[in-house]
Amino acid sequence: MSYQFLLFEVTDRLATITVNRPDKLNALNDATIAELGRAIDDALARDDVAGVLLTGAGRAFVAGADIAELESQSPLEAQRRARAGQAIFRRFETSPKPTVAAINGFALGGGCELAMACHVRLASEKAKLGQPEVKLGIVPGYGGTQRLPRLVGRGAALKLLLTGEMIDAAEAHRLGLVDQVTAPEALLDTARALLQTMIANAPLALAGCIEAVDRGLAVTLEEGCTIESDFFGLLSSTADMQEGMRAFLEKRPPAFTGH
Ligand code: COA
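Residues numbered from 1 in each chain as written. Predicted model: local features only at pLDDT ≥ 70, side-chain atom pairs only at ≥ 80, totals over all residues. Heavy atoms only, no water.

Caption draft 1: Up close: the overall build of the chain. When helices and strands are tallied, the chain shows 11 helices and 10 strands. The C-alpha atoms of the chain give a radius of gyration of 19 Å, which matches the 18 Å a tight globule of 259 residues would have. Across its three principal axes, the chain shows a C-alpha extent of roughly 60 × 40 × 35 Å. Across the 259 residues that make up the chain, the buried fraction comes to 46%. (Helix = DSSP H or I, 4+ residues; strand = E, 2+ residues; numbered from the N terminus. Rg over C-alpha atoms; globule rule 2.2 N^0.38 Å. Buried < 20%, exposed > 50% of the residue type's maximum accessible area, 1.4 Å probe, protein only.)

Caption draft 2: Representation of the pairing of strand β2 (residues 14–19). By the criterion of burial, β2 is predominantly enclosed, with 6 of the 6 residues buried. The two faces of β2 match: Leu14, Thr16 and Thr18 on one face and Ala15, Ile17 and Val19 on the other face are all buried. Sheet topology places strand β1 (residues 6–11) next to β2; 6 bridges connect them, and they run antiparallel. In the sheet register, Thr11 faces β2, and the bridge partner there is Leu14. In sequence, β1 turns back onto β2 through a hairpin of 2 residues, with Asp12 there showing a positive phi of about 50°. Both β2 and strand β3 (residues 51–56) contribute to a ladder of 6 bridges, which runs parallel. Paired with Thr16 across the strands is Leu53, a residue of β3. Handedness of the crossover joining β2 and β3 through helix α1 (residues 30–45) is recorded here as right-handed. (Pairing = 2+ DSSP bridges. Right-handed = clockwise from strand over helix to strand, strands pointing away.)

Caption draft 3: Broad picture of the domain arrangement of the chain. Parsing the chain into structural domains produces domain 1 (6–199) and domain 2 (203–249). The straight-line distance from the C-alpha centre of domain 1 to that of domain 2 is 27 Å. Each side of the interface is counted separately: domain 1 has 10 residues, and domain 2 has 4 residues. The contact between domain 1 and domain 2 buries some 520 Å² in all, and 60% of this surface belongs to carbon and sulfur atoms. There are 1 salt bridge connecting domain 1 and domain 2. Across the salt bridge formed by Arg90 and Asp214, the nearest N and O atoms sit 2.6 Å from each other. Across the contact surface, domain 1 and domain 2 share 1 residue pair in polar contact (both at pLDDT 80 or more). Within the residue set of the side of domain 1 that touches domain 2, elements represented by two or more residues are α3 (75–93) and α8 (187–199). Of the residues that constitute the side of domain 1 that touches domain 2, the class distribution is 4 nonpolar, 3 polar and 3 charged. (Domains from an automatic or database assignment. Contact = heavy atoms within 4.5 Å. Buried area = accessible area lost by both parts, 1.4 Å probe. Salt bridge = Lys/Arg side-chain N within 4 Å of Asp/Glu carboxyl O. Polar contact = N/O pair within 3.5 Å; in protein donor to acceptor, adjacent residues only side chain to side chain. Nonpolar A, V, L, I, M, F, W, Y, C, P; charged D, E, K, R; others polar.)

Caption draft 4: A look at the site of the ligand. The environment of the ligand is formed by 15 residues, the closest being Lys24, Arg59, Ala63, Ala65 and Ile67. With respect to the ligand, the side chain of Arg59 contributes an N or O atom lying 2.9 Å from an oxygen atom. With respect to the ligand, the backbone of Ile67 contributes an N or O atom lying 2.9 Å from a nitrogen atom. Relative to its free-state accessible area of 860 Å², the ligand is covered by the protein chains to the extent of 60%. Looking at side-chain class alone, the shell around the ligand contains 10 nonpolar, 1 polar and 4 charged residues. (Near = heavy atom within 4 Å. Areas by Shrake-Rupley, 256 points an atom, 1.4 Å probe, with all protein chains shown as cover.)

Caption draft 5: Representation of the sheet that holds strand β6 (residues 106–108) in the model. Strand order across the open sheet formed by 4 strands is β4-β6-β8-β9, with mixed pairing between neighbours. Strands with a single pairing partner mark the edges of an open sheet, and in this sheet they are β4 (60–62) and β9 (167–168). Where strand β8 (residues 128–130) lies against β9, 2 bridges are found, and the strand directions are antiparallel. Its bridge partner lying in β9, Lys128 is registered against Asp168. Where helix α4 (residues 110–117) meets the sheet, its contacts fall on β4, β6 and β8, and the angle it forms with β4 comes to roughly 75°. (Axes fitted to C-alpha atoms, helices over the stretch in contact; angles between N-to-C directions.)

Here you go:
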């Protein structure tokens, strides 16, 4: 599959998707968003891919939606654009294979929203994050008003949303917006090592955790616990559950097959 604005490579069972418009700080025009949709679908369909790393080329992760495209949008076009982007970002969030954002630089607006749609966020010490939409007279359109408070709480989210100011990686880590901060040169290796640790585990168990967390966050604790016990039951039917437990008792590493 070929891409104009992305790089897509697979090594060691990891797909690395790199947003590659560095002259525009990887701003998300509609074509790039559509390519992100194709790339995540490709990664999910491939048997040789067990996890997904998302990053940006050059000095930005993604500096937002492409303001040049937004400038002339009609209200209905804007709504359609937001819904199309939201649906594609949601595919990263609900991916049964782990998705990790390696935030190498600016993650602003749609960039911060794209990172928030991934399961885990790592940031370089050089990263800057924010939701500057209010400075442009709009609200975030790719899930920022919804995912940010879920990650950092209402007050911290509204502080970021209402000021539109950027924060550095250390502050983003303190708030829980990113999960780990690394030296810039260590970012990709750290993200790959994290993903390797994840994908060494049973694939159906990974998918179960992701779906239980995702669905559980939308319902009451009681309903969420029911979702969890259903997965706990379902996973007990798998060959990988047998293998994982047998391997533990036999003091050897498990050989999971995803069945
Ligand atoms: N949309 C379209 N183009 C963008 C962009 C965006 N979101 N962010 C950066 N660019 C472009 C700039 O227009 C510039 O293009 P040019 O060289 O053709 O003029 C290029 O990327 C480099 O950006 P520049 O502003 O010159 O870099 P900088 O280091 O001075 O500033 C930022 C970096 C990130 C602070 C600044 O680019 C910025 O504020 N970007 C917009 C962030 C934003 O509001 N995002 C939310 C959009 S909804």
